[in-house]
Amino acid sequence: MTARILAIAGSDSGGGAGIQADVKAVTCLGGHAMTAVTAITVQNTLGVSAIHPVPPEIVAGQIRACIDDIGVDAIKIGMLGNAHVMLAVADALADVRVPIVLDPVMIAKGGASLIDEEAIGVMVERLLPLARVITPNAPELAVLTETEVGDEADALLAAQELLGMGPRAVLAKGGHLDGDQVTDWLVSRQGNRAFSDARIVTRHSHGTGCTLSAALACGLGQGLALPDAVARARSFVRLALLSAPGLGQGHGPMGHGQVINDITAPAPVLNQITVPATDYAASLAFYRALGLRLIVDSPDNGYARFEAGNGVTLSIHVGDGAAGGTTIYLESLRLDAWVAELAAVGMAFDQMPRDEDWLWREARLLDPAGNRICLYAAGEARRFPPWRV
């Protein structure tokens, strides 16, 4: 069954953040997105110039309308704006027993305040206890805990303090902190876990927090364990950042729609085919003439990779078997567990999961007809390897 995800947040007229980013993320990840709009913002990539709150009773009515008819598997709460809306949301969700992801939206990317002082107290008192996980960035973490958050150690300590204020888990985001690495800390009563990746330097980062929390809610609604849902949500955000279309004069939107064929679904994703080649230059010219975009060009290795318009990739490899043969690639979020399950029922593997030099983790086997199958996990290294052309 398709996971039903309710996003409670403000509207971004520029389409990069808010409810628009939530709908894109949930849809791309295979969920059904429902919305309860809390505010209408006049906004573009340069900033927020006006905010029109939606009456609390209308916000609560949207929530009830969705849940009473369609049902819900997880909820994401974003911008609420004022204490009256927060109270209405808390009351509407008081008897709801599904995972709730709370993104404590306080400041827009351009610097505009999105919450008043009274609302902070209501958030702490009424919403934190409802949250399966809260996802503050460093400035939000500092406000909620009334402490300084200047580095990763500060963030971890503040997250542990915030955990004691009611939520079941805290995902303290490190994007606002200095450094070439971005580290997010997942803090719960079961322990702490760091998620760290190289920083992606781009001005097209509008809506990263909204997207992360919506993707996280979708994962929980689809039955993923919290650490797995965090890992997939972070991967989705990074791929959307790398796929940004380059729109606007300020903080531009990400490219949510280009991530649909990456690691997005709990089930395996068919997104890569490798075909043998005999003449590297001729094959390169042929597939470029078909309109595929060259993204890896390695003539010394006899290897090239192309990207189609829907994000699926095709590779040519000189000497990789007889011409006319292929290798089918199925990417999975849970590669090692999937391979272990298949091996347990008697499926024979030529290669168990192994990290390769090209940054993919691969397991290999043959189908009954002798065709080569590769089960793998590459994440952003499929479309955005360090050596991308």
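Residues numbered from 1 in each chain as written. Predicted model: local features only at pLDDT ≥ 70, side-chain atom pairs only at ≥ 80, totals over all residues. Heavy atoms only, no water.

S.K.: Pulling in residues and values, what's your account of the overall build of the chain?
M.R.: Broken down by element type, the chain carries 10 helices and 17 strands. In terms of C-alpha radius of gyration, the chain reaches 22 Å, essentially the compact-globule figure of 21 Å for 389 residues. Referenced to the eigenvectors of the C-alpha coordinate spread, the extents of the chain come out at roughly 70 × 50 × 45 Å. Burial analysis of the chain (389 residues in total) assigns 52% to the buried set. Restricting to contacts in the chain with at least 6 residues of sequence separation, those with at least 24 account for 64%. Taken as a whole, the chain presents about 16,800 Å² of accessible surface, with 55% of it coming from carbon and sulfur. On the chain, the mean spot of the 28 positive side-chain charges and the mean spot of the 41 negative ones are 4 Å from each other. (Helix = DSSP H or I, 4+ residues; strand = E, 2+ residues; numbered from the N terminus. Rg over C-alpha atoms; globule rule 2.2 N^0.38 Å. Buried < 20%, exposed > 50% of the residue type's maximum accessible area, 1.4 Å probe, protein only. Contact = heavy atoms within 4.5 Å. Areas by Shrake-Rupley, 256 points an atom, 1.4 Å probe, with all protein chains shown as cover. Lys, Arg positive; Asp, Glu negative; His and termini not counted. Charge placed at Lys NZ, Arg CZ, Asp CG, Glu CD.)

S.K.: Explain the pattern of salt bridges to me, using residue names and the numbers behind them.
M.R.: Tallied over the entire structure, the rule returns 16 salt bridges. Among the ionic pairs, Arg383 bridges to Glu307, the shortest N-O distance being 3.0 Å. With Arg383 in the segment after β17 (372-377) and Glu307 in strand β12 (residues 303-307), the pair connects residues that are 76 residues apart, well separated along the chain. For Glu307, a relative accessible area of 9% corresponds to the buried category. The closest approach of N and O atoms between Arg354 and Glu356, which form a salt bridge, is 3.2 Å. (Salt bridge = Lys/Arg side-chain N within 4 Å of Asp/Glu carboxyl O.)

By themselves, these observations are geometric and do not establish any function.
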